[in-house]
Amino acid sequence: MARHAKPGDAEEYRSRLVSLLENFEEHLKNSELRTQVIELIPAIKLLQNLGRSLIQGPETGGARARVLAYMKKYVGIVLAGEELMVVAGISEYARRIRELRVEHGWRILTGYTLKNLEPEELQKLFATDKPKLKPDQYILLSDRQDMEAAYRWNVANDIRKDKNMSVRDKILKYFRSFVGKEISGEELRYVAGDKTEWARRSRELRTEFGWPIATYFTGRPDLAVGMYVLEEDRQAPEHDRKIPEAIYRAVLMRDKHTCQDCGWKHALWNPSDPRHLEVHHIKQHAEGGSNTEGNLTTLCNVCHDMRHSNR
Ligand SMILES: [Zn+2]
Ligand SMILES: [Zn+2]
């Protein structure tokens, strides 16, 4: 047992704990309740220290580092929360795991987060059998830290803390910080300070303000449900905004997510020609053109620009 520990650490805590419990036999027989309770207090501390001392090496900085060191030793294996409590040496280990996951970009799955995943995401993670995780069980999926996720968390946190920005502006700023990157609803909710309006505000940015924010339903059937991408850092022309959500979706579906001028679709996307799809009024809104499917068409942003400059 004490093989992993430095001599003097784990072994010392163990033997002190044993003698304390041996002495406790006497208290159990003869002492009154309060004395029994008080005599037991050092045992808790010793047990915590014994658990902490099992993790050795350069990563022994704090509870979070110990939890991480333990998880990295057992990548892909279901671990009970109590195990992590032992090595953390504190009862708030769940918070440490959340920090590792959200702030530091370690891919840790819990029964709790698993419950909130969409079926498509589950399929992506577990092709065959999905693990049955209880809320207080954890898996570290990879021993490599997602540095970008960690960076994104820092950006999200800065925006979230800004008291002078509306929820909509916060979400827009976050999108514009990561143009072309997939952003989850969980991130947006965090940026919005957990306000439930985040979903409505994200939708408004597209429908009212013309930011090309695509989802599974609006232009990017290749995305998982619940993911968002700001496809380009520009707003659609004023007259093409304010198309009702349902009609916007219907036009894209009717046109099979394909530019009606050149045939571009997202499968043809490449970094040197990063296009996206927009919905355009055939007869301009300002000239009395209606927001109906018949007056709307799907164009890539390049053809869309051409249509407007040819007017
Ligand atoms: Zn086109
Ligand atoms: Zn247009």
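Residues numbered from 1 in each chain as written. Chains lettered and ligands numbered in written order. Predicted model: local features only at pLDDT ≥ 70, side-chain atom pairs only at ≥ 80, totals over all residues.

Asks: Which residues make up the overall build of the protein, and what values go with them?
Replies: Of the regular secondary structure elements, the protein holds 13 helices and eight strands. Relative to a compact globule of 311 residues, whose C-alpha radius of gyration would be 19 Å, the protein shows 28 Å and is clearly more extended. Seen through its C-alpha atoms, the protein measures out along the principal axes to roughly 95 × 40 × 30 Å. Across the 311 residues of the protein, 26% fall into the buried class. (Helix = DSSP H or I, 4+ residues; strand = E, 2+ residues; numbered from the N terminus. Rg over C-alpha atoms; globule rule 2.2 N^0.38 Å. Buried ≥ 20, exposed ≤ 12 C-beta atoms within 10 Å, placed from the backbone.)

Asks: Mind laying out the environment of Glu92, listing which residues take part and the relevant values?
Replies: When you line up the elements, Glu92 lands in the loop between helix 4 (81-88) and helix 5 (93-102). In this structure the C-alpha to C-alpha distance between Glu92 and Trp269, which are 177 residues apart in sequence, comes to 46 Å.

Asks: A description of the sheet that holds strand 3 (residues 137-140) should follow, citing residues and the corresponding values.
Replies: What the three strands build is an open sheet, ordered 1-3-2; its pairing is antiparallel. Of all the strands in the sheet, just strand 1 (79-80) and strand 2 (108-110) have a single pairing partner and so form its edges. Bridge analysis of strand 2 against strand 3 gives three bridges, and the strand direction is antiparallel. Within strand 3, the residue paired with Thr110 across the bridge is Tyr138. (Pairing = 2+ DSSP bridges.)

Asks: I'd like to hear about the sheet that holds strand 6 (residues 227-230), residue by residue, with values.
Replies: Taken in spatial order, the three strands make up an open sheet running 4-6-5, and their pairing is antiparallel. Strands at the two margins of the open sheet, each flanked by one partner only, are strand 4 (182-184) and strand 5 (213-214).

Asks: Tell me about the pairing of strand 3, residues and numbers included.
Replies: The alternating pattern of strand 3 places Gln137 and Ile139 on one face and Tyr138 and Leu140 on the opposite face, and all of these are buried. Where strand 1 and strand 3 come together, two bridges link them in antiparallel fashion. Directly across from Leu79, in strand 3, lies its bridge partner Tyr138.

Asks: Tell me about helix 13 (residues 301-309), and name the residues and values.
Replies: Burial in helix 13 covers these residues: Asn301, Cys303 and His304. Relative to the axis of helix 13, the buried residues are bounded by an arc of 160° and lie together on one face. Taken together, the buried residues of helix 13 touch strand 7 (277-281) and strand 8 (296-300). (Arc of directions from axis to C-beta. Contact = placed C-beta atoms within 7 Å.)

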